[in-house]
Amino acid sequence: MVDAIIILIVIVLLFFALKGSVKHFRGEGACCGGSSALYKTGEKRLDGPVISVKRIRISGMHCDNCAETVKRAIDSIDGASASVDFKSGTAEVRCDRTIDDVVIKRKIEEAGYKADSIS
């Protein structure tokens, strides 16, 4: 009888672990220090008209919390506003002034991610 109870407990624990793993890899669960209630910032308004749009390939993002962290890092740059998609691993950065790619790359890396390419 004791063996059956232990096996049942192990099965229940494995079920919840598998469920959490599936949510994590879909980007739906809480990871990277976030919570399941993601606080999303709105779109940053630029001071002037958009003069350039940069597409950035980013590695290291695992969920919407990661994407939000990258978005906040890029939005902290004066004259830049970002939208980030962790599933495609990309960010689109709209600029109302000339911003060097090195500045954007540095902000992404300071947030803990890697900018693979900027075009």
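Criteria and thresholds
Residues numbered from 1 in each chain as written. Predicted model: local features only at pLDDT ≥ 70, side-chain atom pairs only at ≥ 80, totals over all residues. Heavy atoms only, no water. Helix = DSSP H or I, 4+ residues; strand = E, 2+ residues; numbered from the N terminus. Buried < 20%, exposed > 50% of the residue type's maximum accessible area, 1.4 Å probe, protein only. Contact = heavy atoms within 4.5 Å. Patch = residues over 30% accessible without salt bridge, like charges linked within 9 Å, V, L, I, M, F, W, Y side chains within 5 Å. Areas by Shrake-Rupley, 256 points an atom, 1.4 Å probe, with all protein chains shown as cover. Salt bridge = Lys/Arg side-chain N within 4 Å of Asp/Glu carboxyl O. Pairing = 2+ DSSP bridges. Core = buried A, V, L, I, M, F, W, Y, C linked by side-chain atoms within 4.5 Å.

The name an unreviewed UniProt entry gives the chain is Heavy-metal-associated domain-containing protein, with Candidatus Ornithospirochaeta stercoravium as the organism.

Draft legend 1. Fine view of the overall build of the chain. In terms of helices and strands, the chain carries three helices and four strands. Going from the N terminus to the C terminus, the chain shows its helices and strands as α-β-α-β-β-α-β. Burial analysis of the chain (119 residues in total) assigns 30% to the buried set. Contacts in the chain between residues at least 24 apart in sequence constitute 71% of all its contacts with a sequence separation of at least 6.

Draft legend 2. Molecular detail of the environment of Asp75. Of note, Asp75 is situated in helix α2 (residues 64-75). A residue is classified by how much of its surface remains accessible, and Asp75, at 13% relative accessible area, is buried. Along the sequence, Asp75 and Glu43 sit 32 residues apart, while their C-alpha atoms lie 9.0 Å from each other. When residues no more than four places from it in sequence are discounted, the contact partners of Asp75 are Lys44, Ala80, Ser81 and Ala82.

Draft legend 3. Spotlight on the side chain of Lys71. Tracing the sequence through the fold places Lys71 in helix α2. Here Lys71 is in contact with Thr41, Gly42, Glu43, Lys44, Ala82 and Val84, once residues within four sequence places are set aside.

Draft legend 4. Expanded view of a nonpolar patch on the surface. Taken together, the side chains of Met1, Ile5, Ile9 and Leu13 define a hydrophobic patch exposed on the protein surface, amounting to about 470 Å² of accessible area. Looking at the secondary structure, you find Met1 in the segment before α1 (2-26).

Draft legend 5. Representation of the pairing of strand β1 (residues 52-59) in the model. The sheet contact formed by β1 and strand β3 (residues 90-95) spans six bridges and is antiparallel. Following the sheet pairing, Arg57 is matched in β3 by Thr90. Sheet analysis places β1 next to strand β4 (residues 114-118), joined by four bridges and oriented antiparallel. Each residue of the ladder has a partner; that of Ile58, found in β4, is Ala115.

Draft legend 6. Summary view of the nonpolar core. Formed by 21 residues in total, the largest nonpolar core has its most connected members in Ile56, Ile58, Met61, Val70, Ile74, Val93 and Ile108. Residue assignment for this core shows that the elements contributing at least two residues are β1, α2, β2 (80-85), β3 and α3 (101-110). Broken down by element, this core gets its largest block of residues, four residues, from α2. Look past the residues within four positions of Val93 in its chain and what remains in contact with it is Ser52, Val53, Lys54, Ile56, Ile74, Ala80, Ser81, Ala82 and Ile104.

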